[in-house]
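In case you want the letters, here they are:
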Amino acid sequence: AQKITQTQPGMFVQEKEAVTLDCTYDTSDPSYGLFWYKQPSSGEMIFLIYQGSYDQQNATEGRYSLNFQKARKSANLVISASQLGDSAMYFCAMRASGTGNQFYFGTGTSLTVIP
Amino acid sequence: GEEVAQTPKHLVRGEGQKAKLYCAPIKGHSYVFWYQQVLKNEFKFLISFQNENVFDETGMPKERFSAKCLPNSPCSLEIQATKLEDSAVYFCASTRPRNTEAFFGQGTRLTVV
């Protein structure tokens, strides 16, 4: 069975500080991808970053980086230099090639950036 | 452009009426997914397509929901005889065959009254 767990319902961070949003996953499929999405209050789903299970290096995209620890089955999102516009819901998702290719989502973390 | 286009943005239907939602995937993306977001933090998988073929429909409530992806047309999700519990935001996403990146549309907010 595929499962994504986000254990932090809500997080606060001071503007300009870094923050880590946790995500653990469970799959028996050796080939999978991990995704992070941002959903602001306006409702759209914004793709942030992707990590493949065979990628040797941690993914980075601007201020976003993914701390991928395969043995621990964790894929934490690190946002550096937080900005007020980072306040949103953040969803971790997994897609495994052997399970119909659908995305499995976590329950999200609500991030609030404090000025 | 690189955008999944969903229409309409908002849709209001009376209970029992039909609702039809559209999704134009990004050109070159051969997989299309439909998801229903009922609560703010819960995504329910409905159906996926590989090109115009149904790939996985395990999440579809088949008695009232149907979906198609025909060549040279937007994909569609149709709900016959809507119920109050169908009120949700419906997202469409498209990806290339390999796992790299996956983009979601803006969503269609369906309200059944």
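A few points on the structure. As the structure is a prediction and not an experimental result, all values here were calculated from the model.

## Looking at the nonpolar core
Counting residues in each nonpolar core, the largest one holds 25 residues, and the members touching the most others are Leu-34, Trp-36, Ile-49, Leu-77, Tyr-90 and Leu-111 of chain A. Broken down by secondary-structure element, the contributors of at least two residues to this core are strand S3 (19-21), strand S5 (32-39), strand S6 (46-52), strand S8 (64-69), strand S9 (74-79), strand S10 (88-96) and strand S12 (109-114) of chain A. Per-element accounting of this core gives the leading share, five residues, to S10 of chain A. Counting 23 residues, the second-largest nonpolar core is a separate cluster that includes Leu-11, Ile-26, Val-32 and Tyr-90 of chain B.

## Some thoughts on the packing of aromatic side chains
Centre-to-centre distance and the angle between the planes together describe a pair of aromatic rings. Per the counting criterion, the structure on display carries 23 aromatic pairs over all chains. Above the plane of the ring of Tyr-64 of chain A lies Arg-63 of chain A, whose end atom (NZ or CZ) is 5.8 Å from the centre. Directly above the aromatic system of Tyr-31 of chain B lies the positively charged group of Arg-95 of chain A, at a separation of 5.3 Å from the ring centroid.

## Points about the interface of chain B and chain A
Each partner contributes to the interface: chain B provides 25 residues, whereas chain A provides 21 residues. Our count for the contact surface shared by chain B and chain A stands at four residue pairs in polar contact (both at pLDDT 80 or more). Of all the elements in the fold, those that place two or more residues in the side of chain B that touches chain A are strand S4 (31-37), strand S5 (43-50), strand S6 (53-56), strand S9 (88-95) and strand S10 (102-104) of chain B. In terms of residue count, the dominant contributor to the side of chain B that touches chain A is S4 of chain B (four residues). Classifying every residue of the side of chain B that touches chain A by side-chain character gives 11 nonpolar, nine polar and five charged.

## Description of the pattern of salt bridges
A full pass over the atoms with the stated rule returns six salt bridges over all chains. Residues Asp-26 of chain A and Lys-73 of chain A are paired through a salt bridge, measuring 3.4 Å at the closest nitrogen-oxygen approach. Taken together, the residues Asp-26 of chain A in strand S4 (residues 24-26) and Lys-73 of chain A in the loop between S8 and S9 connect sequence positions 47 residues apart. Judged by its relative accessible area of 39%, Asp-26 of chain A falls in the partly exposed class. A relative accessible area of 29% means that Lys-73 of chain A is categorised as partly exposed. Among the charged side chains, a network of salt bridges with common partners joins Lys-18, Lys-20 and Glu-78 of chain B.

## A look at the sheet that holds strand S1 (residues 5-7) of chain B
All names here are of chain B. The four strands lie next to each other as S1-S3-S8-S7, forming an open sheet whose pairing is antiparallel. The open sheet is flanked by S1 and strand S7 (65-68), the only strands paired with a single partner. Each adjacent strand pair in this sheet contributes to an overall mean axis angle of 15 degrees, direction not counted. Relative to strand S3 (residues 19-24), S1 is paired through three bridges, and the arrangement is antiparallel. Its bridge partner being in S3, Gln-6 is matched across the sheet by Cys-23.

What counts and how
- Residues numbered from 1 in each chain as written.
- Chains lettered and ligands numbered in written order.
- Predicted model: local features only at pLDDT ≥ 70, side-chain atom pairs only at ≥ 80, totals over all residues.
- Heavy atoms only, no water.
- Core = buried A, V, L, I, M, F, W, Y, C linked by side-chain atoms within 4.5 Å.
- Buried < 20%, exposed > 50% of the residue type's maximum accessible area, 1.4 Å probe, protein only.
- Helix = DSSP H or I, 4+ residues; strand = E, 2+ residues; numbered from the N terminus.
- Phe/Tyr/Trp six-rings, centres within 6.5 Å; stacked < 30°, edge-to-face > 60°.
- Lys NZ or Arg CZ within 6 Å of the ring centre and 35° of its normal.
- Contact = heavy atoms within 4.5 Å.
- Polar contact = N/O pair within 3.5 Å; in protein donor to acceptor, adjacent residues only side chain to side chain.
- Nonpolar A, V, L, I, M, F, W, Y, C, P; charged D, E, K, R; others polar.
- Salt bridge = Lys/Arg side-chain N within 4 Å of Asp/Glu carboxyl O.
- Pairing = 2+ DSSP bridges.
- Axes fitted to C-alpha atoms, helices over the stretch in contact; angles between N-to-C directions.

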